[in-house]
Amino acid sequence: MRKLRAASLGVASLLILAGASLAQERGFYAGYTASAEQFDATFSKSVDNTAPDTLVPEPRRGTVFHDQDSADTVDIAAGFVVGYRTSPGDGGAYLSTELDVLFHSGEADGRLAGVGTSPDRKQLGESWPDAWSLDKKRSYGLTLRLGFLPDSLRSRDMSVYLLGGVRLFKSRFSTTFEGCLTAEPCSPSEFVSGSDGRDVDPVATTWGLGLEKRFGSGEYARRIALRFEAAYSEYGDESWVADFPDVRVTVPSMVEAEGMGVTVSMVRLFGVVD
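The structure reproduced in this document is the subject of the present report. (Residues numbered from 1 in each chain as written. Predicted model: local features only at pLDDT ≥ 70, side-chain atom pairs only at ≥ 80, totals over all residues. Heavy atoms only, no water.)

Topic: empty space enclosed by the protein
Step number 1: Summed over all chains, the structure comprises 4 cavities of 30 Å³ or more.
Step number 2: Of the voids in this model, the largest cavity is the one considered here, and its volume is about 390 Å³.
Step number 3: Around the largest cavity, the lining is made up of 29 residues, and of these S35, L102, R167, T206 and T263 lie nearest the centre.
Step number 4: When contributions to the lining of the largest cavity are tallied by element, the ones reaching two or more residues are β1 (26-48), β2 (64-86), β3 (93-104), β5 (131-148), β6 (158-179), β9 (224-244) and β10 (249-269).
Step number 5: Of the residues in the lining of the largest cavity, the class split is 9 nonpolar, 11 polar and 9 charged. (1 Å grid on protein atoms, 1.4 Å probe; cavity = no way out; pocket = protein on both sides within 12 Å on 5 of 7 lines; lining within 4 Å. Points joined across faces, edges and corners; volume = space filled by probe spheres on them. Helix = DSSP H or I, 4+ residues; strand = E, 2+ residues; numbered from the N terminus. Nonpolar A, V, L, I, M, F, W, Y, C, P; charged D, E, K, R; others polar.)

As structure tokens, then:
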């Protein structure tokens with residue numbers, strides 16, 4: 001919620017800067033977009049053995065084991081954009097509101113080191129060395145762009161802009177585990193193994209800078225825009241608690257992420273272009 005409030009304040013600031021009067025350039029636009037992002041994810045897990053009736057034996061009874069691992073990947077995404085653009089005052093600035101959908105290919109994966117008192121950290125009540133992954137599937141974005149046309153760039157049909165927005169991600173978090181589920185110590189041949197997964201839908205706030213170049217000829221004169229952007233995204237934390245009532249153990253977990261990326265878009269404007 002703090003990130004959403006911060007994003008809302010940023011959006012309001014852009015609106016105030018852009019002004020309320022609409023003038024020379026206005027209209028809808030649509031096009032294609034592609035991005036490459038350095039995506040960094042962190043998985044945190046705790047194993048809580050503090051329940052009074054836990055079956056976890058000594059010396060692990062009454063303890064909480066914490067483990068954490070980070071991984072990164074390059075996420076390549078492509079999709080579609082649609083937006084509406086207006087110009088305040090004398091046309092020296094513009095404001096656009098844009099919706100987009102992106103399809104992602106990035107999957108960060110790693111393995112926890114494992115924390116406990118046994119050599120392999122796989123006994124009951126320990127934090128097992130799970131393998132994990134966070135797979136970005138698709139996302140939906142709402143972005144505001146506040147652009148400026150300095151004289152040095154106006155003659156070249158170029159502009160620079162600030163951008164800010166929010167993005168909802170549809171992702172899949174998965175783990176693969178192996179360990180002991182009984183109070184009596186297990187040998188490696190007695191370990192149980194399996195996998196678990198859940199859908200996670202973090203909301204990211206995004207801030208960045210961009211450069212736009214207009215071109216085209218004939219009826220498409222200045223109606224085609226090519227955009228280059230660099231942006232930072234901070235993803236909201238996703239947390240959950242896995243409960244194991246048979247042995248009186250709970251496992252709180254959390255995944256968080258951030259990314260720095262570049263985007264290239266090509267759009268066509270359908271409104272009035274001066």
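Some remarks on the layout of surface pockets
Step number 1: In this model, the largest pocket occupies a volume close to 500 Å³.
Step number 2: As for the largest pocket, its lining consists of 24 residues, and the residues nearest its centre are D130, F177, A242, F244 and V251.
Step number 3: Mapped by element, the contributors of at least two residues to the lining of the largest pocket are β1, β6, β7 (192-200), β9 and β10.
Step number 4: Per-element tally for the lining of the largest pocket: the top contributor is β7, with 4 residues.

Description of unusual backbone geometry
Step number 1: Of note, the amide linkage connecting E58 to P59 takes the cis form, showing an omega dihedral of 5°.
Step number 2: As for its position among the elements, P59 is in the loop between β1 and β2.
Step number 3: Positive phi, close to 55°, is recorded for R121, a residue that is not glycine.
Step number 4: Judged by its relative accessible area of 27%, R121 falls in the partly exposed class.
Step number 5: Of note in this structure, R248 is not a glycine but carries a positive phi near 60°. (Buried < 20%, exposed > 50% of the residue type's maximum accessible area, 1.4 Å probe, protein only.)

Quick look at the side chain of R227
Step number 1: Note on placement: R227 falls in strand β9.
Step number 2: Using a relative accessible area of 2% as the deciding quantity, one classes R227 as buried.
Step number 3: Polar side-chain contacts of R227 include one of 2.9 Å to the side chain of E98.
Step number 4: Apart from residues lying up to four places away in sequence, R227 is in contact with Y29, E98, R145, Y161, L211, E212, T263, V264, S265 and V267. (Polar contact = N/O pair within 3.5 Å; in protein donor to acceptor, adjacent residues only side chain to side chain. Contact = heavy atoms within 4.5 Å.)

A word on the environment of R121
Step number 1: Along the chain, the position of R121 falls in the loop between β4 (107-111) and β5.
Step number 2: In sequence terms R121 and G179 are 58 residues apart; their C-alpha atoms lie 8.2 Å from each other.
Step number 3: Leaving out residues up to four positions away in the same chain, R121 has contacts with A113, G114, V115, G116, E126, S127, W128 and P129.
Step number 4: A polar side-chain atom of R121 sits 3.4 Å from the main-chain carbonyl oxygen of G114.

Regarding the state of the cysteines
Step number 1: Under the defined criterion, the tally for this structure stands at 1 disulfide.
Step number 2: Across the disulfide, C180 is cross-linked to C186 (sulfur-sulfur distance 2.0 Å). A torsion of 55° about the S-S bond marks the disulfide between C180 and C186 as right-handed. The exposure classification of C180 matches that of C186, with both residues buried. (Disulfide = S-S within 2.5 Å.)

Some details on the pairing of β5
Step number 1: Of all 18 residues that make up β5, 13 are buried, and the element is covered over most of its length.
Step number 2: In the sheet, β3 pairs with β5 via 11 bridges, with the strands oriented antiparallel. Its bridge partner being in β5, T97 is matched across the sheet by L144.
Step number 3: Across 5 bridges, the pairing between β4 and β5 is antiparallel. Note on β5: the bridge partner recorded for E107 is D135.
Step number 4: Pairing of β5 with β6, which is carried by 17 bridges, proceeds in the antiparallel orientation. Across the sheet, the residue bridging to A131 is T176, located in β6. (Pairing = 2+ DSSP bridges.)

Things to note about the pattern of salt bridges
Step number 1: Inspection of every chain in the model, using the stated rule, returns 15 salt bridges.
Step number 2: Between K136 and E37 there is a salt bridge, with the nearest N and O atoms lying 2.8 Å from each other. Of the two residues, K136 sits in strand β5 while E37 sits in strand β1, which places them 99 residues apart along the sequence.
Step number 3: When its relative accessible area of 2% is taken as the criterion, K136 is described as buried.
Step number 4: A salt bridge links K170 to D201; the shortest N-O distance between them is 3.3 Å. In this pair, K170 is assigned in strand β6 and D201 in the loop between β7 and β8 (203-215), connecting sequence segments 31 residues apart.
Step number 5: Under the relative-accessibility criterion, K170 is labelled partly exposed at 25%. (Salt bridge = Lys/Arg side-chain N within 4 Å of Asp/Glu carboxyl O.)

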